[in-house]
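Fold and geometry: a report
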Amino acid sequence: MIRKDNIPKSIDFLKPVSRPNNIWANAYIWMFEVGKYMLIVVELIALGVFISRFVLDEKNNDLTKSINDQVTMLSGGNWKQDSITYENLQVLLIDVSKIDRGQKVNSVVINEIRNGIPYGLLVETLSFNNGRVSLNLKTTDFKSFKDYESAMKSNPNYEQVSFSTTKDGSVFDIRVNFTVSGFDG
């Protein structure tokens, strides 16, 4: 049997009775039947991207303005100086904690030495190093100086006490050197 194309019988003159064999005619038919819907979908996607670009640009501009405002506020004089001060205080506290762990407190010994100096003697310098003390004193009251010298030499808390004195007019320059007994600094 020979197969023939079943051609529907129609009186509609606008629709072709059979499919054309020409490639251009097939492309023309596809473009107007399927391609138009694809073109509409592509145009809707492009329109959506175009509108979302406006929305995203507006958000980006708002975010950039907000960031710039915060940078301006933080770079102002007070914030910047306060930040530097805070960082310096942190470094200082870290240094103090390191020193505190590894250093013996000598303030009690120094306070005892300072309180032992009579009122009539003026302290110019006081040096304390590993239990060794060096004082430079000035006075116009010779009796206060002699009382202090005898008290230091008779005090069992101090060893190797030595005094040297020079006189300039009525002012005595006194240099005192001694060691604190039992100091384990």
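Above this text sits the structure in question.
Summarised in this report is the structure supplied together with it. These numbers come from a predicted model, not from an experiment.

A separate point is the sheet that holds strand β2 (residues 132–139). Strand order in the open sheet formed by four strands is β1-β2-β4-β3, and the pairing between neighbours is antiparallel. Of all strands in the sheet, those with a lone pairing partner are β1 (122–129) and β3 (158–168), marking the two edges. Strand-to-strand twist in this sheet, taken as the mean axis angle between neighbours without regard to direction, amounts to 10 degrees. Its contacts with the sheet put helix α3 (residues 107–115) on β1, β2, β3 and β4 (171–180), and the angle it makes with β1 is roughly 150 degrees. Relative to β3, helix α4 (residues 142–154) is tilted by about 165 degrees, and along the sheet it contacts β2, β3 and β4.

To continue, consider the pattern of salt bridges. According to the stated counting rule, one finds seven salt bridges in the structure shown. Note that Lys146 is salt-bridged to Glu149, the shortest N-O span being 3.0 Å. Note that Lys146 and Glu149 are positioned in helix α4 at a spacing of three residues, about one turn of the helix. Looking at Lys146, the relative accessible area reads 38%, which means it is partly exposed. When salt bridges that share partners are traced, they join Glu124, Lys138 and Asp173 into one network.

Right, let's talk about the nonpolar core for a bit. In this structure, Leu135, Leu137, Tyr148, Phe163, Ile174, Val176 and Phe178 are the most contacted members of the largest nonpolar core, which totals 18 residues. Of all elements in the fold, only β2, α4, β3 and β4 reach the threshold of two or more residues within this core. Take this core: its biggest share by element is five residues, from β4. Leave out the neighbours within four places in its chain, and Tyr148 touches Gly116, Ile117, Pro118, Leu121, Leu135, Leu137, Phe163 and Val176.

Parameters and conventions
- Residues numbered from 1 in each chain as written.
- Predicted model: local features only at pLDDT ≥ 70, side-chain atom pairs only at ≥ 80, totals over all residues.
- Heavy atoms only, no water.
- Pairing = 2+ DSSP bridges.
- Helix = DSSP H or I, 4+ residues; strand = E, 2+ residues; numbered from the N terminus.
- Axes fitted to C-alpha atoms, helices over the stretch in contact; angles between N-to-C directions.
- Contact = heavy atoms within 4.5 Å.
- Salt bridge = Lys/Arg side-chain N within 4 Å of Asp/Glu carboxyl O.
- Buried < 20%, exposed > 50% of the residue type's maximum accessible area, 1.4 Å probe, protein only.
- Core = buried A, V, L, I, M, F, W, Y, C linked by side-chain atoms within 4.5 Å.

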